[in-house]
Amino acid sequence: MGNLSTPKSVQKLQAALHAKAKAEAGYRFYALYDKISREDILAHAYAQCRANKGAAGVDGQDFADIEAYGVQRWLGELALALKRETYRPKPIRRVFIPKANGKLRPLGISTLRDRVCMTAALLVLEPIFEADLPPEQYAYRPGRNAQQAVVEVEALVFRGHSEVVDADLTDYFGSIPHAELLKSVARRIVDRRVLHLIKMWLECPVEESDDRGRTTRTTEARDKRRGIPQGSPISPLLANLYMRRFVLGWKMLGLERSLGSRIVTYADDLVILCRKGSAAEQWEPDEARASRPVLRARGGETPPRDSPRDPVPEGQGRRGLAATA
């Protein structure tokens with residue numbers, strides 16, 4: 001939420017938003033849009049994007065271009081577009097990067113202008129939603145990482161939760177339904193202009209270039225009303241908000257209690273750990289039928305890689321989270 005390089009004025013705003021969200025679980029924020037266009041917020045958003053480097057988007061504009069034009073002038077024009085509500089995001093440039101398994105992962109590259117705007121929104125929204133995320137979620141959160149998730153999994157196994165389901169959700173980012181996601185956002189945010197910003201980012205067209213340099217533009221996210229682009233600054237927060245639905249749903253269905261289970265999640269990797277014997281006794285048929293709607297509601301369709309009936313042998317680790325450390 002903040003660090004030593006974060007301006008004090010930004011830290012003060014973030015601390016106030018987080019404190020309000022933490023103190024009042026049902027509070028809905030209604031005046032946030034003007035904060036996204038604040039000079040200090042946009043300047044810090046630009047500094048973060050500059051530090052992250054990254055390639056140019058569809059307009060070809062890079063940081064050298066902005067600095068030659070004048071950073072303050074460029075940020076001022078972005079602030080004015082936001083205040084006048086004339087800001088519109090440009091299409092996302094899609095590239096594919098290799099994964100460890102030999103497959104390709106799609107990566108969306110927004111323009112620098114859009115990345116700065118998303119980062120500004122993230123600076124304002126993250127402190128609010130961080131107050132709501134359950135401790136089971138470890139990805140994309142301040143002060144949390146994959147190593148901590150692995151340590152938690154190992155500790156739960158040591159404490160007797162030795163029956164493990166290790167699942168990897170297929171195309172998690174690409175399958176998140178917009179309507180349900182926006183409901184999760186609107187549970188806290190009622191500022192219509194902020195919601196409109198997020199909706200525009202979700203519905204951005206995607207451009208791809210083939211080996212011959214020919215460009216095609218698709219509107220799959222808008223047409224299917226699902227999917228968030230991997231690679232945009234706001235996407236990790238949105239992915240966490242939707243994963244929260246699964247964690248809470250699991251508890252509300254009573255599966256944590258009936259299976260003696262604990263959950264650890266990291267991005268699209270999900271580990272369910274049950275006490276020895278409890279999963280074998282109760283998983284079929286009732287709990288299996290009950291758990292499927294929860295997973296389906298989240299948009300994931302990948303079955304667990306490991307059977308809940310197979311306990312973890314002593315001294316052995318698991319794939320998934322254990323392999324990401």
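That block above? That's the structure.
Keep in mind the model is a prediction, meaning the values are calculated, not measured.

## A word on helix α10 (residues 192–202)
All buried positions along α10 are accounted for by V194, L197, I198, M200, W201 and L202. Each element contacted by the buried residues of α10 is listed here: α2 (33–36), α5 (71–84), α6 (112–130), α9 (178–186), α11 (220–224) and α12 (235–252). Residue D191 occupies the N-cap position of α10, its side-chain oxygen lying 3.0 Å from the main-chain nitrogen of R193.

## Describing empty space enclosed by the protein
Applying the stated rule across the entire model yields 1 cavity of 30 Å³ or more. Along its surface, the largest cavity is lined by E126, E130, L133, Y140, P142, L237 and N240. Only α6 and α12 provide two or more residues apiece to the lining of the largest cavity. Its residues assigned to classes, the lining of the largest cavity comprises 4 nonpolar, 1 polar and 2 charged.

## Quick look at the sheet that holds strand β5 (residues 215–218)
As summarised here, the arrangement of the 4 strands in space is β2-β1-β4-β5, forming an open sheet in which the pairing is mixed. Looking along the sheet, the strands with just one partner apiece sit at the ends: β2 (104–109) and β5. Between one strand axis and the next, the sheet turns through 35° on average, direction left out of account. When strand β4 (residues 206–209) meets β5, the two strands line up antiparallel, connected through 4 bridges. Following the sheet pairing, E207 is matched in β5 by R217.

## Description of the pairing of β4
In terms of strand pairing, strand β1 (residues 92–98) meets β4 through 2 bridges, oriented parallel. Paired with R93 across the two strands is E207, which belongs to β4. Count of turn residues in the β4/β5 antiparallel hairpin: 5 residues, of which G213 carries a positive phi of about 85°.

## Observations regarding the packing of helix α3 (residues 39–52) against α5
Two elements in contact, α3 and α5, have axes whose closest approach is 10 Å; the angle formed by their N-to-C orientations is 125°. Regarding the angle of α3 to α5, the classification is oblique. By crossing handedness, the relation of α3 to α5 is classed as right-handed. Residues E39, L42, A43 and Y46 of α3 lie in contact with α5, whose contacting residues are V71, Q72, W74, L75, L78, A79 and L82.

## Section: the packing of aromatic side chains
Scanning the model with the defined rule gives 7 aromatic pairs in all. Judged by centre distance (4.9 Å) and plane angle (85°), the rings of Y27 and F29 are edge-to-face. Given the relative accessible area of 23%, Y27 is considered partly exposed. Each member of the aromatic cluster is reached from another via a ring pair, and the members are Y140, Y172, F173 and Y266. Taking NZ or CZ as reference, K20 lies 4.5 Å from the ring centre of Y27, over its face.

## With respect to the pattern of salt bridges
A full pass over the atoms with the stated rule returns 17 salt bridges. As a salt-bridge pair, R222 and D223 come within 3.9 Å of each other at their nearest N and O atoms. Residue D223 is classed as exposed on the basis of its relative accessible area of 54%. Members of the salt-bridge network, linked through shared partners, are E85, D191 and R193.

## Here we look at the sheet that holds strand β6 (residues 261–266)
Read across the sheet, 3 strands follow the order β3-β7-β6 without closing on themselves; strand pairing throughout is antiparallel. Of all strands in the sheet, those with a lone pairing partner are β3 (163–168) and β6, marking the two edges. Direction aside, neighbouring strands of the sheet carry axes that sit 15° apart on average. Sheet analysis places β3 next to strand β7 (residues 269–274), joined by 6 bridges and oriented antiparallel. Opposite D166, over in β7, you have V271 as the bridge partner. Helix α7 (residues 146–158) rests against β6 and β7 of the sheet, and its axis sits at about 165° to β6.

## What to know about the environment of C204
With respect to the element layout, C204 can be found in the loop between α10 and β4. For C204, a relative accessible area of 5% translates into the label buried. Along the primary structure C204 and E220 are separated by 16 residues, whereas in three dimensions their C-alpha atoms are 9.0 Å apart. The contact partners of C204, leaving out residues within four places of it in the chain, are P89, K90 and I92.

## What to know about unusual backbone geometry
Phi at K53 takes a positive value of approximately 60°, unusual for a residue other than glycine. Within the secondary structure layout, K53 lies in the loop between α3 and α4 (63–69). Take K53: its relative accessible area is 58%, and that puts it in the exposed class. A positive phi is found at E85, a non-glycine position, where the angle reads about 60°. The residue E85 is located in the loop between α5 and β1 in this model.

What counts, and at which threshold
Residues numbered from 1 in each chain as written. Predicted model: local features only at pLDDT ≥ 70, side-chain atom pairs only at ≥ 80, totals over all residues. Heavy atoms only, no water. Buried < 20%, exposed > 50% of the residue type's maximum accessible area, 1.4 Å probe, protein only. Helix = DSSP H or I, 4+ residues; strand = E, 2+ residues; numbered from the N terminus. Contact = heavy atoms within 4.5 Å. Polar contact = N/O pair within 3.5 Å; in protein donor to acceptor, adjacent residues only side chain to side chain. 1 Å grid on protein atoms, 1.4 Å probe; cavity = no way out; pocket = protein on both sides within 12 Å on 5 of 7 lines; lining within 4 Å. Points joined across faces, edges and corners; volume = space filled by probe spheres on them. Nonpolar A, V, L, I, M, F, W, Y, C, P; charged D, E, K, R; others polar. Pairing = 2+ DSSP bridges. Axes fitted to C-alpha atoms, helices over the stretch in contact; angles between N-to-C directions. Parallel < 35°, antiparallel > 145°, perpendicular 65-115°, else oblique. Left-handed = near helix turned anticlockwise from the far one by under 90°. Phe/Tyr/Trp six-rings, centres within 6.5 Å; stacked < 30°, edge-to-face > 60°. Lys NZ or Arg CZ within 6 Å of the ring centre and 35° of its normal. Salt bridge = Lys/Arg side-chain N within 4 Å of Asp/Glu carboxyl O.

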